Amino acid sequence: MKKIFGIFVSIIFYFSFINMTIACEFLKEQIGTSISNLTEKYDLLDDPSDEDSQDLTLVKEYDSMSFCDDIELDNATIKVFVREGKLIGNEIEGKNGEAKMRKIFELARNKLGYTTEEVLNDDWVGGISLSSAVEKVTYGVVESTQGNYEMLIITKPDLKEFMSGPDVKMVR
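If you're wondering where the values come from, they're calculated on a predicted model, not measured in any experiment.

Trainee: Just to check I follow, could you spell out the side chain of T57 for this structure?
Mentor: Note on placement: T57 falls in strand β1 (residues 57–63). A distance of 2.7 Å separates a polar atom in the side chain of T57 from the backbone oxygen of F162. Leave out the neighbours within four places in its chain, and T57 touches F81, V82, R83, I88, F162, D167, V168 and K169.

Trainee: Help me out: how do you make sense of the pattern of salt bridges in this one?
Mentor: Once the charged atoms of two side chains with opposite charge are near each other, the side chains can pair. In the structure shown here, the tally under the stated rule is 10 salt bridges. Put simply, E91 and K79 hold a salt bridge, and the shortest N to O gap is 3.6 Å. A residue pair is termed long-range when its members are at least 10 positions apart, and E91 in strand β3 (residues 86–93) and K79 in strand β2 (residues 77–83) qualify at 12 residues. The exposure class assigned to E91 is buried, which follows from its relative accessible area of 11%. By relative accessible area, K79 is classed as buried at 18%. For D123, the salt bridge goes to K100, with nearest N and O atoms at 3.9 Å. Placement of the pair is D123 in the loop between α3 (103–110) and β4 (126–130) and K100 in the loop between β3 and α3, with a sequence separation of 23 residues. K100 shares its class with D123; the two are exposed. What emerges from the salt-bridge pattern is a single network uniting D70, E72 and K111.

Rules of the game
Residues numbered from 1 in each chain as written. Predicted model: local features only at pLDDT ≥ 70, side-chain atom pairs only at ≥ 80, totals over all residues. Heavy atoms only, no water. Helix = DSSP H or I, 4+ residues; strand = E, 2+ residues; numbered from the N terminus. Polar contact = N/O pair within 3.5 Å; in protein donor to acceptor, adjacent residues only side chain to side chain. Contact = heavy atoms within 4.5 Å. Salt bridge = Lys/Arg side-chain N within 4 Å of Asp/Glu carboxyl O. Buried < 20%, exposed > 50% of the residue type's maximum accessible area, 1.4 Å probe, protein only.

This is the structure in structure tokens:
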């Protein structure tokens, strides 16, 4: 009986470890990776590029569960930013009214490895940089009349400027 219990506990530990280490691999993809390489890897990802988009940043929005099975991202959306055929950033946006639960913040810390020394209380609203060796990662809580929501932006410092402005086009 002890042996069966031990095997059962080992199996649970193994799958918990696997789930933690491979959680939302899409958000761990290298910024600057060719979008065509990523579309081969992720069935639901589209390549929005065409000949007329050379000087544009193209943004496509997906339900987070299209790429991630993480409970932290249920009800969230992921915006994928593509410029010159390459991934230049991701933006994860939570559901209105769920900011106090800090689901996206916990995902960033526990599964993506981004950290901060900041202490965020329940009423905190604003933006902070999270530590990362290569990427520019910004976490924020946005105040909204429908309820505050979380955002996480992952890009590189020199590409952040291409994620907003008149040269950004949403695609369907």
